[in-house]
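Topology and contacts: notes
Here's the letter readout for the chains.
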Amino acid sequence: MKLDAKIPEGPLAGKWSKHKFNLKLVNPANKRKYTVIVVGTGLAGASAAASLAELGYNVKAFCYQDSPRRAHSIAAQGGINAAKNYQNDGDSVHRLFYDTIKGGDYRAREGNVYRLAEVSVNIIDQCVAQGVPFAREYGGLLDNRSFGGSQVSRTFYARGQTGQQLLLGAYSALNRQINLGKVKMFTRHEMMDVVKIEGEAKGIVTRDLITGEIETHAAHAVLLCTGGYGNVFYLSTNAMGCNVTAAWKAHKRGAYFANPCFTQIHPTCIPVTGDHQSKLTLMSESLRNDGRVWAPKTVELAQKLRKGELKVTDLKEDDRDYFLERKYPAFGNLVPRDVASRNAKEIVDEGRGVGASGIAVYLDFAEAIGRLGEDAVRARYGNLFDMYQQITDENPYKQPMRIYPAVHYTMGGLWVDYNLQTTVKGLYCLGEANFSDHGANRLGASALMQGLADGYFVIPYTLGDYLATIGPDAVDIKHIAFEDAKKSVVDRVNHLLSLKGTKTVNEYHRELGHIMWEYCGMARTEEGLIKAKGMIRELREDFWKNAMVSGTNNEFNQSLENAGRVADFLELGELMVDDALNRKESCGGHFRLESQTEEGEALRDDDNYAYAAAWEYKGDNQAEVLHKEELVFENVKLSQRSYK
Amino acid sequence: MNLTLKVWRQKNADTKGKFVTYQADHVSPDMSFLEMLDVVNEDLTKKGDDPIHFDHDCREGICGACSLHINGRPHGPKQGITTCQLHMRTFKDNDTVVIEPWRAEAFPVIKDLAVDRRAFDRIQAAGGFVSVNTGGVPDANAIPIPKVIADEAFNSATCIGCGACVAACKNASAMLFVSAKVSQLALLPQGQPERYRRVQAMVAQMDAEGFGSCTNTGACEAECPKEISITNIARMNRDYLTAKLIKQEEA
């Protein structure tokens, strides 16, 4: 199958308007004859479900949490970008487009990214109209800040919980439609499979997490808004329940998976304390505006610090290596996320890491406290300092924080065209779950923007075109395809429940995470990736022989839920490694040690790799087939990033 | 450190529950409370026993999923945090820790420590929104809002919907939760057109769900992990009374 991204012809700035005009419309009287399934209720899912219901479609929405409000969009701290140019500082749709394409290291589509920047301004209007309490100036207008090294102030925020406030806005719109009877909400339901009839998605199979009932649901189209797959690394900043299952099942039913190896590792997270660690906590990267990153100059000093023979506050200035300031004098501590992360890893690999585990570097506010005073630092970062102290029992006003990178976001995901349709007709993918807008690296405050852009302002238009084409005839839930899909889900559940080995599912997950982090994390090599592939295969085979899953199907069974998700991660992990192996260049968050500049920066190979890698599933334990979508750049000039 | 846990175990909503005692040994002070339970659950799984079920997700204090009643207090002994942010250094060696689910008629137990909090969603669906469709809204800066008002609305909006206020209240009243939601929109200009309709609809749903009445003990405020103020309750009561005084068509 040849990939057709369906990017409209014509000048960049007119593509979306032209496309919207060319899309077919569904007659208002016919809309109520259609049913749309939305899986996931984060920013993308909740906004899509609400907006489609407002148009008149019947929506069935599903989430695994006990309430749609708990989707992990809620945890985003920093903010949301929009090209409002309220600050009169030179921002524009084109600049946001350019920054996003460049930030993604030229591995995203121009057309998609431009549309994202274009609709960003509508998102802020929409959220304010819903009553989202963004930060404001004394004059009553919205406040902005510069975020993630951006040279303009385009980030809108709601203290440190922008994600929660935006999600509550989308959730309120969703609730309104639930109240009106246009959305039927299914909480504590997990999507187990996609149902296809004659090649088109016509429904899903779900498991009721409380009763265990396996149910089928029919619809005219299915939207997957199921988030990222960062938990393949076991430890990440994702919520415990975040998983790849819905996307992976869709992949196995014919949806190509694009750029799976593109993962983002966030530099300022609280380090791991031991094997009991279940997740990692991110602290906003705004900390790097005033904090200075350093490590002891020598391995000997690091060892003394680790053993407690030396106190960090007693370490002389001469014995400290402010490595980001030293290596990147122009950007210093504000280098992009991937650069900051990789440098911290290098320090730890050299044996200069700190903390009991030796897997951390310092983030020091002593200079900022001296310059601004403790009160000013508290006003800026008080909530983050409190959180840090709560978790580590160390006072960051008195001694430097310890930080280490953690997996945070996945740029890869299901391949979608300009309409957000996957390679399966009628199956759409929105938000972090798709691959479309961030290329090889996502800029800060752009995840919230993309989720809401897809849900509020893209899918309501593009879905109509498909629905108008297929017509409103009801989907037959009695079709054999539903029965078949249900049976395969029941078989799989029974297979999982039959596993009565000696190793817990968590142990497998942790091992997989170690492999992924070690060989497919911040720095990747051909040798390491080949090794990882073998290790993952072995682990997966062992899982199906030796894992232990407790309980039965007909009950609330978290052990079974987790087993299904980890089983899918064990398959995804191998595909990520394949993708990383295939992409011999470095770009954005994907760093192949074999491909770097003399300065140690990611070295792209635009002649050979300026494409999105879309993988086609061919069967269990079969090699996936690579399809390339060549990326065409007509409006930006590809350049090498440098932060010296 | 070594701890004795007394954990509420209940197979499902239809079965009677009971406390079961477990030993949690070699607990690291750096563990979070939920990580301590993870380790206990790994042991139970290995022994072939059913692990303890509890709700949790983000583990960074914002999703509102975690919901344990620890030694008689929602989210445990510390102020202003959720259970997932509670760390084991708060406890001492040989402590006994009693862990229960939220106790409220409107929050039936699903299994062990997990309860059904969909009543909160239904209250929200009854009126916790501004009726605007996607698109066709004014420019964001066309609605100036004084900073103090915006900040106050934000304070109300920080509610994470965990239900600790209900669990803390001897009447299992949901007034803090509902009033925080009502207040956020009642304070903002966007919420004015539906202000009185909203408060009535949400209070009616709250009553229908079987939550108790408010008797102003303030336990909700004391236990709220986001430290939401009972000023919100006063605000909601005022709006509710006002709504009752004005004509139906104006409300």
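Residues numbered from 1 in each chain as written. Chains lettered and ligands numbered in written order. Predicted model: local features only at pLDDT ≥ 70, side-chain atom pairs only at ≥ 80, totals over all residues. Heavy atoms only, no water.

**Some points on unusual backbone geometry**
Residues and elements named next belong to chain A. If you check the backbone angles, Glu198 has positive phi at about 50 degrees while not being a glycine. Among the secondary structure elements, Glu198 is positioned in the loop between β6 (189–197) and β7 (200–208). Judged by relative accessible area, which is 77%, Glu198 ranks as exposed. (Helix = DSSP H or I, 4+ residues; strand = E, 2+ residues; numbered from the N terminus. Buried < 20%, exposed > 50% of the residue type's maximum accessible area, 1.4 Å probe, protein only.)

**Considerations on the packing of helix α6 (residues 162–179) of chain A against helix α2 (residues 118–127) of chain B**
If you want to describe how two helices pack, look at the angle between their axes and the distance between the axes. α2 of chain B packs onto α6 of chain A with a crossing angle of 80 degrees between their chain directions and a minimal axis gap of 7 Å. When the interaxial angle is binned, α6 of chain A and α2 of chain B end up roughly perpendicular. The segment α6 of chain A lies against α2 of chain B, with Tyr171, Asn175, Ile178 and Asn179 of chain A engaging Phe120, Asp121, Gln124, Ala125 and Ala126 of chain B. Its residues placed into classes, the contact of α6 of chain A with α2 of chain B shows 5 nonpolar, 3 polar and 1 charged. (Axes fitted to C-alpha atoms, helices over the stretch in contact; angles between N-to-C directions. Parallel < 35°, antiparallel > 145°, perpendicular 65-115°, else oblique. Contact = heavy atoms within 4.5 Å. Nonpolar A, V, L, I, M, F, W, Y, C, P; charged D, E, K, R; others polar.)

**Some words on the sheet that holds strand β5 (residues 183–186) of chain A**
All names here are of chain A. On the basis of which strands lie adjacent, the open sheet formed by 5 strands has the order β5-β2-β1-β9-β17 and parallel pairing. Of all the strands in the sheet, just β5 and β17 (427–429) have a single pairing partner and so form its edges. When the angles between neighbouring strand axes are averaged without regard to direction, this sheet yields 20 degrees. Bridge analysis of strand β1 (residues 35–39) against strand β2 (residues 58–62) gives 5 bridges, and the strand direction is parallel. (Pairing = 2+ DSSP bridges.)

**A look at the pairing of β1 of chain A**
All names here are of chain A. With respect to burial, β1 is a largely interior element, 5 of its 5 residues being buried. Alternating residues of β1 divide into Thr35, Ile37 and Val39 and Val36 and Val38, and every residue in both groups is buried. Following the backbone out of β1, through helix α3 (residues 43–55) and into the adjacent parallel β2, one traces a crossover that is right-handed. Across 4 bridges, the pairing between β1 and strand β9 (residues 221–224) is parallel. For Val39, the partnering residue across the bridge sits in β9 and is Leu224. (Right-handed = clockwise from strand over helix to strand, strands pointing away.)

These values are about where atoms sit, not about what they do.
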